[in-house]
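Architecture and fold: a report
Here is how the chains run, residue by residue.
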Amino acid sequence: MGRTRGEAGAVRHVLGWSALVAFLLALLAIVAALAFSVHVKGHSMEPTVHDGDRLLVQFWRRGDVHRFDLVEARVGVAKSPVVKRVVGLPGDTVSVSFADGKPVVRLTPAGSRTAYVVENGRWSEQVGDRTAPCCNPDGTAGTATTRVVVPAGSYWLLGDNWGGSDDSRTYGFVKKADIGGVLDRRLQPLGSFGRVPNPARLAKVAHAAQK
C-alpha cells in the first residue's frame, strides 16, 4: 500500500531538514577550515608551497613539533607570520657552510654525538642571494661557519627556497610560544588539495667529514 499524504509530507519534511543540516555542517567545516588556515605570502617556501596557497593550521600541535615539520611562526620584533620548515630542535647543534654554491647544513641531534647532513632536494632550486655561513650565537647568519646549540624551548627554521628566504638566519631562534601550529595540509588551490610534501631528511656524515 502507498503512503498517505500525511506520511509523504512527513518524509519530505524530514528529508528537507536533513538536507539543511548537511548543508550547515558543510558550511561550518568550510568556515572552520578558512578560520584555522594560513595564506602563504611570498616565495620563500617554493617549490614546496607557493605564494597564494592556503594551508590548514593544526594549532592543536603547537606543542608537538617534529623535525622538518612545516610551521606557521611569528618572527622579528613585529611578530610577523611566516611559513618555514623546522630544522633544528631544542638542544640540537647546527652549522651552515657552502660547497659548490650549495648549502651544507650539519646537525647533531640533542643528546647524540652523531653528526648528520640535512638533505633537502628543494635547495638545488634556490633563488636569491642569502648565502652567508652560519651561525652567530643567536642563530643568525654571520661571516663564518660556526656550530651553535638551539636553546631550550626554541627552534631553528629554514625556508625551502634557500637563497630567497628570511628565516632563522635572519631572525634567529624562534621560541615555542611563537609557533602557531603545524602545516601539512593544503586547502587551496583545490587542484593541489591534500598533504604537503616533505622533501627533507637527515643523512649520516662520513667520519672523516665530521672533523
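Some points on the overall build of the protein chain
A tally of helices and strands in the protein chain yields 2 helices and 13 strands. For the protein chain, with 211 residues in total, the buried portion stands at 40%. Taking contacts inside the protein chain between residues at least 6 apart in sequence as the whole, the part at least 24 apart equals 60%. With the model as given, the accessible surface of the protein chain reaches about 11700 Å², and the carbon-plus-sulfur share is 58%.

A few points about the nonpolar core
The biggest cluster of nonpolar side chains holds 17 residues, and the ones touching the most others in it are V87, V105, V118, W156 and L158. The set of elements that each furnish at least two residues to this core consists of β5 (93-99), β6 (102-108) and β9 (154-158). The residues touching V87, leaving out its near neighbours within four places in the chain, are R67, F68, D92, V105, L107, V118, W156 and L158. Counting 12 residues, the second-largest nonpolar core is a separate cluster that includes V71, L157, V174 and I179.

Focus: unusual backbone geometry
Residue E46 is joined to P47 through a cis peptide bond whose omega torsion reads 5°. You can see P47 is positioned in the loop between β1 (37-39) and β2 (54-58). Of note, the amide linkage connecting C134 to C135 takes the cis form, showing an omega dihedral of 20°. Looking at the secondary structure, you find C135 in the loop between β7 (116-120) and β8 (148-149). The residue K79 is not glycine, and still its phi comes out positive at about 55°. Its location among the elements puts K79 in the loop between β3 (70-75) and β4 (80-88).

Thoughts on the pairing of strand β11 (residues 179-188)
With 7 of 10 residues buried, β11 lies mostly within the body of the structure. Where β3 and β11 come together, 3 bridges link them in antiparallel fashion. Across the sheet, E72 pairs through a bridge with G181, a residue of β11. As paired strands, β11 and strand β12 (residues 194-195) are joined by 2 bridges and run antiparallel to one another. From the neighbouring strand, R186 faces β12, where its bridge partner is G194. Between β11 and the antiparallel strand that follows it, β12, lie 5 residues.

So, the confidence of the model for the protein chain
With 79% of its residues at a pLDDT of 70 or more, the protein chain has an overall mean of 84. Element-level pLDDT for the protein chain is lowest in helix α1 (residues 5-35), with a mean of 57, against a maximum mean of 98 in β8.

Definitions and limits used
Residues numbered from 1 in each chain as written. Predicted model: local features only at pLDDT ≥ 70, side-chain atom pairs only at ≥ 80, totals over all residues. Heavy atoms only, no water. Helix = DSSP H or I, 4+ residues; strand = E, 2+ residues; numbered from the N terminus. Buried < 20%, exposed > 50% of the residue type's maximum accessible area, 1.4 Å probe, protein only. Contact = heavy atoms within 4.5 Å. Areas by Shrake-Rupley, 256 points an atom, 1.4 Å probe, with all protein chains shown as cover. Core = buried A, V, L, I, M, F, W, Y, C linked by side-chain atoms within 4.5 Å. Pairing = 2+ DSSP bridges. pLDDT = per-residue confidence, 0-100.

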